[in-house]
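This is what each chain is made of:
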Amino acid sequence: MRLTTRSVRQAVVAISAAVALGTVMAPPVVAESAQDTLGAAASQTGRYFGAAVAAHKLSEPAYVSILDREFNMVTAENEMKMDATEPNQGQFTFGNADRIVNHALSRGMRVRGHTLAWHSQQPGWMQGMEGPGLRQAMLNHVTQVAAHFRGRIHSWDVVNEAFEDGGSGARRNSNLQRTGNDWIEAAFRAARAADPGAKLCYNDYNIDDWSHAKTQAVYRMVQDFRSRGVPIDCVGLQSHFFGVNVPANYQTTISSFAALGVEVQITELDVGGSGWQQADNYRRVTQACLNVPRCTGITVWGIRDSDSWRASQTPLLFDGQGNKKEAYYSVLNTLNGG
Ligand code: 9MR
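Residues numbered from 1 in each chain as written. Predicted model: local features only at pLDDT ≥ 70, side-chain atom pairs only at ≥ 80, totals over all residues. Heavy atoms only, no water.

Put simply, the rule reads: UniProt positions are given in the numbering used here, feature names are shortened, and annotations may be inferred rather than shown by experiment.
Going by what an unreviewed UniProt entry lists, the chain is known as Beta-xylanase and is assigned to Actinoalloteichus caeruleus DSM 43889. Heading Sequence similarities (unreviewed entry) of the UniProt record for the chain holds this comment: "Belongs to the glycosyl hydrolase 10 (cellulase F) family." In its Catalytic activity (unreviewed entry) section, UniProt records this for the chain: "Endohydrolysis of (1->4)-beta-D-xylosidic linkages in xylans."

## Re the pattern of salt bridges
Short version of the rule: Put simply, a salt bridge is a Lys or Arg side-chain nitrogen that is within 4 Å of an Asp or Glu carboxyl oxygen. Note on conventions: DSSP H or I runs of at least 4 residues are helices, E runs of at least 2 residues are strands, and numbering of each starts at the N terminus. Only protein chains enter the accessibility calculation, which uses a 1.4 Å probe. A residue is then buried if its area is under 20% of the maximum for its type, exposed if over 50%, and partly exposed in between.
This model, assessed by the stated rule, comprises 18 salt bridges. The closest approach of N and O atoms between arginine 178 and glutamate 130, which form a salt bridge, is 2.7 Å. One end of the pair, arginine 178, is in the loop between β4 (155-160) and α8 (183-194); the other, glutamate 130, is in the loop between α6 (124-127) and α7 (131-148), and 48 residues separate them in sequence. For arginine 178, a relative accessible area of 45% corresponds to the partly exposed category. The partner of aspartate 307 in a salt bridge is arginine 304, with the nearest N and O atoms 2.9 Å apart. By sharing partners, the salt bridges in this structure join Lys57, Glu60, Arg304 and Asp307 into a single network.

## Brief notes about the packing of helix α11 (residues 275-290) against helix α12 (residues 326-335)
Short version of the rule: Note on definitions: angles span 0 to 180 degrees between N-to-C directions of axes, and those axes are lines fitted to C-alpha atoms, for helices only across the stretch in contact. Roughly parallel here means an angle under 35 degrees, roughly antiparallel means over 145, roughly perpendicular means 65 to 115, and every remaining angle is called oblique. It is the rotation of the near helix from the far one that decides the hand of a crossing: anticlockwise by less than a right angle makes it left-handed, clockwise makes it right-handed. Note on contacts: a residue pair is in contact if any heavy atoms of the two residues lie within 4.5 Å. Amino acid classes used here: Ala, Val, Leu, Ile, Met, Phe, Trp, Tyr, Cys and Pro are nonpolar; Asp, Glu, Lys and Arg are charged; the rest, including Gly, are polar.
At a closest axis distance of 8 Å, the pairing of α11 and α12 adopts a crossing angle of 25 degrees. In this view, α11 runs roughly parallel relative to α12, as classed from their interaxial angle. α12 is crossed by α11, and the crossing has right-handed handedness. Seen from α11, the contacting residues are Gly275, Trp276, Gln278, Ala279, Tyr282, Arg283, Thr286, Gln287 and Leu290; seen from α12, they are Glu326, Ala327, Ser330, Val331, Thr334 and Leu335. Partitioning the contact of α11 with α12 into residue classes produces seven nonpolar, six polar and two charged.

## Topic: the packing of helix α10 (residues 250-258) against α11
For the pair α10 and α11, interaxial distance at closest approach is 9 Å and the crossing angle is 30 degrees. Regarding the angle of α10 to α11, the classification is roughly parallel. By crossing handedness, the relation of α10 to α11 is classed as right-handed. Residues Tyr250, Gln251 and Ile254 of α10 form the contact with α11, whose own contacting residues are Val285, Ala288 and Cys289. Taken together, the residues of the contact of α10 with α11 break down into five nonpolar, one polar and no charged.

## Examining the UniProt feature "active site" (unreviewed entry) in the chain
Defined as follows: Here a polar contact is taken to be a pair of N or O atoms separated by no more than 3.5 Å, where protein atoms must pair a possible hydrogen donor with a possible acceptor and residues adjacent in sequence count only if both atoms sit in side chains.
According to UniProt, the positions carrying the feature "active site" (unreviewed entry) are Glu268. Overall, the relative accessible area of 5% leaves glutamate 268 in the buried class. Residues contacting glutamate 268, with those up to four places away along its chain left out, are His114, Asn203, Leu237, Gln238, Ser239, His240, Thr299 and Trp301. A polar contact is formed between the side chain of glutamate 268 and the side chain of asparagine 203, at a distance of 3.2 Å.

## Structural notes on the site of the ligand
The criterion, for reference: A cutoff of 4 Å decides nearness: a residue is near a molecule or strand if any of its heavy atoms lies inside that distance of it. Note on areas: Shrake-Rupley, 1.4 Å probe, and residue coverage restricted to the protein chains presented here.
The environment of the ligand is made up of 13 residues, and the closest members are Glu77, Lys81, His114, Glu161 and Glu268. Between a nitrogen atom of the ligand and a side-chain N or O atom of glutamate 268, the distance comes to 2.7 Å. About the coverage of the ligand: the protein hides 75% of its 450 Å² of free accessible area. Taken together, the residues of the shell around the ligand break down into three nonpolar, six polar and four charged.

Written out as structure tokens, the structure is:
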């Protein structure tokens, strides 16, 4: 066939339409040939594999070599949080966040934005605020930060950890919650307006077990948002597993959220322990995600055990020397089709 500008344009239109209709075949789940890094192995099924990154470690060659070799998605561990990006009201600082984003994008990795609105790690000036003033400040923060990174963020954790832990299923009592129950949807609408191309996620911990009241409460919120057209595209299961195994119903949690029409992303995975037990929990998380088409990627909360927020529990895929652990091979092997 002769390729004219017109025929190419027609082909592009046809492909775009097929993608929009969801009729393009998903890549095969079983890999044709095993890949030898986490990112490449995840890519075989159209997924990503990411890590949380700290800006001050980007000058450490050992750290950067593992990051650049293994991962194709990055989350700033602290650098995009409210206290980091708006230390004084109306004054925005993006130096460390930009460093991480530029490192990632210049190497073909993508970025998860974490996080636009949260009860924790608020700057001092915001901590004491309440009511309409706080609501306005929060919306301005969401707008300014999302606009600064517009076009460069794959997915934003628009709102983080807004539900109470434990059995109540209630919203967490925070200054943001006290501005009115609609603060979460207001944040999502502001984020959509500021960066229409980013996927917008609700992110939380202890929503991995389908039988927990907190999981059910978040599910009902997402269901409500979808039914009313509040712009939400994804749910982040943080998946911090310390002193517990991955729940047997984990895949049910993922597929139930996915059935609402949102993507599920495993956003902060780490598993306390060592050896076979740890490796098996990692395998189960990876397999559960692979089993659900709308589970689109996994991010681990750090690179080496020594980089972890809970370093003493050795929860990551590389040891302090950067050696691959049993858990690493278990994830890689699972991504490669078992
Ligand atoms: O890993 C982060 C650590 O360096 C910070 O001190 C801590 C402060 O709250 O936040 C950690 O990251 C958290 C993430 O932003 C949200 N989910 C829980 C993570 C671990 O606490």
